[in-house]
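# Summary of structural features
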Amino acid sequence: MKINDVILRAAAKIVVFIILTFAVYLFFSGHDGPGGGFVGGLMLGSALVLLLLAFDIETITRGLPIDLKIVAAVGALIVVGTGAAALIFDKPFLNMSSFKLHLPIFNQVKISTMTLFEAGVALAVFGVVVTIITSISKDV
Amino acid sequence: MIPIFLIIATPFIAAFLILISRNTIAKNYLGWFVLAFPLILFASLCTYIPSISKGKNFIETVQWIPSFDLYLSAYADGLSLLFGLLITGIGSLVILYSIYYMKSEQSLHVFYIYLLLFMGAMLGVVFSDHMLVLYTFWELTSVTSFLLIAFWYHRKRSRYGALKSMLITVFGGIGMLVAFLMIHQVTGTFSIRETIEQVNILQNHPLFVPVMLLLLFGAFTKSAQFPFHIWLPDAMEAPTPVSSYLHSATMVKAGIFLVARFTPLFGGSTLWFWIITVTGMVTMLWGSFIAIRQRDLKALLAYSTVSQLGLIMSLLGIGSYALHTGNIGLTGFSGTALFAALFHLINHSTFKGSLFMVVGIVDSTVGTRDLKRLGGLYIMMPITFVITLISSFSMAGLPPFNGFLSKEMFFTEVLKVNELSIFSLETWGIFLPVIAVAASVMTFVYSMIIVFQTFLGKHQPDLLNQKAKEAPIGMLIAPALLAIIIILIFIWPNVLGDYIIYPALLSIMPSAPQMNPLTISVWHGWTPELFMTFAVILLGILITAFLSVWKKIYRLLPDGLTIDALYQKILSSLEHIAGSSTRLYMTGYTTDYLVYVYVSFALLISPMLFVQGGFQIDFSRDAPLELFEVIMTAVMITSAIGIVLSRTRLTSVIFNGVLGYSISFFFVLFRAPDLALTQLVVETVTTALFLASFYFLPSLKIENTTKKKRVSKLLIATATGTIFTITALAVKSFVQFDSISSFFEDSVQLSGGENIVNAILGDFRAFDTMLEAIVLFIAGLGVYVLIKVTGHRRENR
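What you see is a predicted model; the values in this text were computed from it and never measured. (Residues numbered from 1 in each chain as written. Chains lettered and ligands numbered in written order. Predicted model: local features only at pLDDT ≥ 70, side-chain atom pairs only at ≥ 80, totals over all residues. Heavy atoms only, no water.)

## Description of the overall build of chain A
Regarding its fold elements, chain A presents five helices and two strands. Helices (α) and strands (β) of chain A occur, in sequence order from the N terminus, as α-α-α-α-β-β-α. For chain A, the residues scored as buried account for 44% of the 140 residues in total. For chain A, contacts bridging at least 24 residues in sequence account for 62% of all contacts bridging at least 6. Total accessible area computed for chain A in this model is approximately 7700 Å², and 73% of it derives from carbon and sulfur atoms. (Helix = DSSP H or I, 4+ residues; strand = E, 2+ residues; numbered from the N terminus. Buried < 20%, exposed > 50% of the residue type's maximum accessible area, 1.4 Å probe, protein only. Contact = heavy atoms within 4.5 Å. Areas by Shrake-Rupley, 256 points an atom, 1.4 Å probe, with all protein chains shown as cover.)

Laid out in structure tokens, this is it:
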């Protein structure tokens, strides 16, 4: 099945970057506005899904030389790890903390361990979604 | 002295070290590296001896979840120290032996990892004070011994033996767990020491007998007591060092340990006395009887272990009378039976460990363990012969070896117990010496078989796979050391008695300090015990001489009526029942599974909710309906009907997508941007996923079902839909508690995030999110494995 999808491919090349940017934005804005780790991860995944639809899987996997199962595993590890890290500071498991930093350009930036936790969630979601989609479509 | 926690943890740490450094340590040095750990442990346990022999006990506790009465505790007293020394001491020798025995093994590091894990689990069992921790380690010994027995997993017999041992011991372990939970119910503590302090409460409680029976169930399955002994002979399929370790010093001794540990709690009760004594006696008799019949040297040793464990068990049973209230002064109690049990425990570890190693040497040098093919090896293997001679004669209870001492003590006890006037011993007690002598005669016979049929008699080199020659010196070190220990214990038994056994006895019998110090004497005069030994030797020689006549007895045994056959039958019928009952409802059709879910929902749950008044519908607090909401609802209903009526999968997937996107509209409408966003992305990704997978499925086929089936499906669908609707309405109207939203009012201060949804997800209920992420990961891995692995299999076919 080889259909002429020049328009889709041309559009995808640009749109993917918009989606990726939006995904990153969503992820970071999650702290104070709509967004967060789960949506951010899903958005990253959907960018890849678009690429998969526009191009074939071999091209994408060649261009993305990361094992997505490992990405998912790393995500899950970060999630548990941030929880366990609280234990080192003699705090209850999964205790989160945040503080504000004054940086030259960004002015006030909030640093929170919750962001790290959410990053783990994002990576796990991203890895799992893309793993499932690629393995299902690759098999047949 | 290093902390006991560290002692328990060391084998696990060592196992981990081997795991990560398996490629950097050369195979030749791996064993020596491993050997260091039990040696260090043994040495550090020895530093505990001086203070423990003075009556000092050590307890270390780390809180875990105090509100659930969960904590980790390590407890070192005389009893646990005795076992700890055996585990690490024999463990060192076994590893030393395996360095030479397992030389050609490919996955050597796996073997050592299993062995160390097992050692750690055993140490955990003996040093735990918290019952649930003890239980965890107990089952860990079952699992790790499973791995060890099945080490040569390509052999069918190994897998069978491993499975059998695990099934039986884990089954017993579960019984033990129930006993522990019952004890906690009665006494309110999981600590063994505290439970023993509350002994009176438990003894007068109706749960006393069930607790005792369940606990003994665990102990008897682990220690291979009759009729659970059937797993032990099959466990000999393990590599010989493992058999030597499992059968002599560790696994099977765990049951003995448990009985000894709980003797202060149950000792003195009639039931405890009789169950343990009788089970031990029967096991001893039966094990020794069957052992003579074996042709395989290792099988013979396995049955002899069964028999010896029975002996130790019966001594523990006999000794428990001493705790019978009111009889301590009366019978002139001195705890000698318990002392003898512990003494024989150590002796058994020495001679049985050495014998297994010797059998391993014979097996690996001549290539067979079959007694029919062996014989006359003493010329070629003189050192092995001497070691075997010492160990076997010790097992037979002959001087000048340590087995003689504990056997004489055993005879003393069975004679003495007859004179008691409790537990109706004055009538039934007479059987004890008779059984003791009978079992000892047979023990003598199989001990002689090991020596004479292997090393003396006619040498038949053409029956052997390899030419017989003396084993390499390294392989001989460990059994030779054990043989030397056997003699040393005979010469200075009281060193062991005073510093190791007596403190252990004190921890079984806390009320015993006033008793006279025990001395083990080699020569105790022309006593009845000595004449019993003479009788044993005489009868033993007689049977050994006419062994072919004696073996005719075994032909009288029915073939099909064994406990092993019963086990097989139970196992296969269980498999059969499970299989057929699963096939009954697992039809392989999604429709059927959905029907189960919906029917149970409609028929089981909803009437219950109706009866309990769960359905209360209240429209009074509803917001007014907007036009836009009505339109969106109409769209959703239409697309839902569209899914059902569509004729191709593509159409239904698209309708499903419409449904999902309209839900996100509702989220926008009700000002939940987070949910709307998530819903939109999820919908996009799942639609793509559906398309990816449905594209390749065959087109939907129109079902040609009977009218009856259609009606029933219609009924189920209607009922389920109605109940779902009512439930949804009822849930909305159900206000029993205040809203929890006030809890999140100061979420910005608490979590630092201004988006409340993410503050909840990432902070307040982060545990849920964490586990969800892990579930997602596992699910993804599952999908991957299902698709990839079956794909591979298809390619390989």
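## Some remarks on the side chain of Asn758 of chain B
The topology assignment puts Asn758 of chain B in helix H32 (residues 756–764). We classify Asn758 of chain B as buried; its relative accessible area is 3%. In this structure Asn758 of chain B touches Gly30, His31, Gly35, Gly36, Gly37, Met114 and Glu118 of chain A together with Asp674 and Asp763 of chain B, once residues within four positions along its chain are discounted.

## Overview of the pairing of strand S2 (residues 70–76) of chain B
All names here are of chain B. For S2, the buried fraction is high: six of the seven residues fall into the buried class. Where strand S1 (residues 58–65) meets S2, seven bridges bridge the pair, whose relative direction is antiparallel. From the neighbouring strand, Phe58 faces S2, where its bridge partner is Ala76. Counted along the chain from S1 to the antiparallel partner S2, the turn is four residues long, and its residue Asp69 has a positive phi close to 60 degrees. (Pairing = 2+ DSSP bridges.)

## Some remarks on the interface of chain B and chain A
Contacts between the two partners involve 39 residues from chain B and, on the opposite side, 44 residues from chain A. In this assembly, chain B and chain A are joined by zero salt bridges. Across the chain B-chain A interface, the total number found is three residue pairs in polar contact (both at pLDDT 80 or more). Taken together, the elements giving at least two residues each to the side of chain B that touches chain A come down to helix H29 (673–694), H32 and helix H33 (766–796) of chain B. With 16 residues, the top contributor of residues to the side of chain B that touches chain A is H33 of chain B. Its residues assigned to classes, the side of chain B that touches chain A shows 23 nonpolar, eleven polar and five charged. (Salt bridge = Lys/Arg side-chain N within 4 Å of Asp/Glu carboxyl O. Polar contact = N/O pair within 3.5 Å; in protein donor to acceptor, adjacent residues only side chain to side chain. Nonpolar A, V, L, I, M, F, W, Y, C, P; charged D, E, K, R; others polar.)

## A few points about the pattern of salt bridges
For the coordinates displayed, the defined rule picks out ten salt bridges over all chains. Of the charged contacts, one joins Lys69 of chain A and Asp67 of chain A as a salt bridge, the two residues approaching to 3.1 Å between their closest N and O atoms. Residue class for Asp67 of chain A comes out partly exposed when judged on its relative accessible area of 32%. Here Asp370 of chain B and Arg295 of chain B are joined by a salt bridge, their closest N and O atoms 2.8 Å apart. In this pair, Asp370 of chain B is assigned in the loop between helix H16 (336–366) and helix H17 (382–396) and Arg295 of chain B in the loop between helix H14 (270–293) and helix H15 (297–319), connecting sequence segments 75 residues apart. Beyond isolated ion pairs, a larger network of salt bridges with shared partners links Arg157, Lys164 and Asp234 of chain B.

## Examining the confidence of the model for chain B
Keep in mind that low pLDDT regions are not for reading the predicted coordinates in detail. Residue and element names in this part refer to chain B. On average, residues of chain B score 84 in pLDDT, and 94% of them are at 70 or above. Overall, residues 328–332 carries pLDDT values under 50, and its contacts beyond four positions in sequence, including any with other chains, amount to four contacts. Here the prediction assigns the complex a pTM of 0.76, and the interface score ipTM is 0.90. (pLDDT = per-residue confidence, 0-100.)

## Description of the UniProt feature "transmembrane region" (unreviewed entry) in chain A
All names here are of chain A. UniProt's entry tags residues 7–28, 34–55, 67–89 and 109–133 with the feature "transmembrane region" (unreviewed entry), counted in the numbering of this structure. In residues 7–28, helix accounts for 100% and strand for 0%; the two terminal C-alpha atoms are 32 Å from one another. In residues 34–55, the share of helix is 82% and the share of strand is 0%. The end C-alpha atoms are 31 Å apart. (UniProt positions renumbered as here; feature names shortened; annotations may be inferred.)

## Re the environment of Leu116 of chain B
Residues and elements named next belong to chain B. Position of Leu116 among the secondary structure elements: in helix H5 (residues 108–127). For Leu116, a relative accessible area of 1% puts it in the buried group. C-alpha of Leu116 to C-alpha of Leu309: the two residues are 193 residues apart in sequence and 24 Å apart in space. Those residues within four positions of Leu116 in sequence are excluded, and the remaining contacts are Pro11, Ala14, Ala15, Ile18 and Val34.

## Some remarks on the UniProt feature "domain: NADH-Ubiquinone oxidoreductase (complex I) chain 5 N-terminal" (unreviewed entry) in chain B
Summarizing the sequence annotation, UniProt attributes the feature "domain: NADH-Ubiquinone oxidoreductase (complex I) chain 5 N-terminal" (unreviewed entry) to residues 65–112 of chain B in the numbering used throughout. Within residues 65–112 of chain B, the helical portion is 60% and the strand portion 17%, while the C-alpha atoms at the span's ends are 33 Å from each other.

## Details of helix H6 (residues 131–149) of chain B
Over its 19 residues, H6 of chain B extends 27 Å from the first C-alpha to the last, a length consistent with the 27 Å expected when each residue adds 1.5 Å. Taking burial as the measure, the 19 residues of H6 of chain B include 14 buried ones, the bulk of the element. (Expected span 1.5 Å × (residues − 1).)

## Here we look at a nonpolar patch on the surface
Residue and element names in this part refer to chain B. A cluster of nonpolar residues, Ile473, Ile477, Leu481, Ile484, Ile487, Leu488, Ile491, Trp492, Val495 and Tyr499, forms a patch on the protein surface that exposes about 960 Å² of accessible area. Secondary structure elements with two or more residues in the nonpolar patch: helix H21 (473–491) and helix H22 (493–508). The element that contributes the greatest number of residues to the nonpolar patch is H21, accounting for seven residues. Note on placement: Ile477 falls in helix H21. Residue class for Ile477 comes out partly exposed when judged on its relative accessible area of 36%. (Patch = residues over 30% accessible without salt bridge, like charges linked within 9 Å, V, L, I, M, F, W, Y side chains within 5 Å.)

## Looking at the environment of Met166 of chain B
All names here are of chain B. For Met166, the position within the fold is in helix H7 (residues 156–187). With a relative accessible area of 25%, Met166 lands in the partly exposed category. In this structure the C-alpha to C-alpha distance between Met166 and Trp231, which are 65 residues apart in sequence, comes to 8.5 Å. Setting aside its immediate chain neighbours within four residues, Met166 contacts Ser142, Val143, Phe146 and Phe171.

## Some points on the packing of helix H4 (residues 78–101) of chain B against H5 of chain B
Residues and elements named next belong to chain B. Two elements in contact, H4 and H5, have axes whose closest approach is 9 Å; the angle formed by their N-to-C orientations is 170 degrees. What the angle tells us is that H4 and H5 run roughly antiparallel. Contact residues: Ser80, Leu81, Phe83, Gly84, Ile87, Thr88, Gly91, Val94, Ile95, Ser98 and Ile99 in H4; Phe111, Tyr112, Leu115, Met119, Met122, Leu123, Val126 and Phe127 in H5. Class assignment for the residues of the contact of H4 with H5 results in 14 nonpolar, five polar and no charged. (Axes fitted to C-alpha atoms, helices over the stretch in contact; angles between N-to-C directions. Parallel < 35°, antiparallel > 145°, perpendicular 65-115°, else oblique.)

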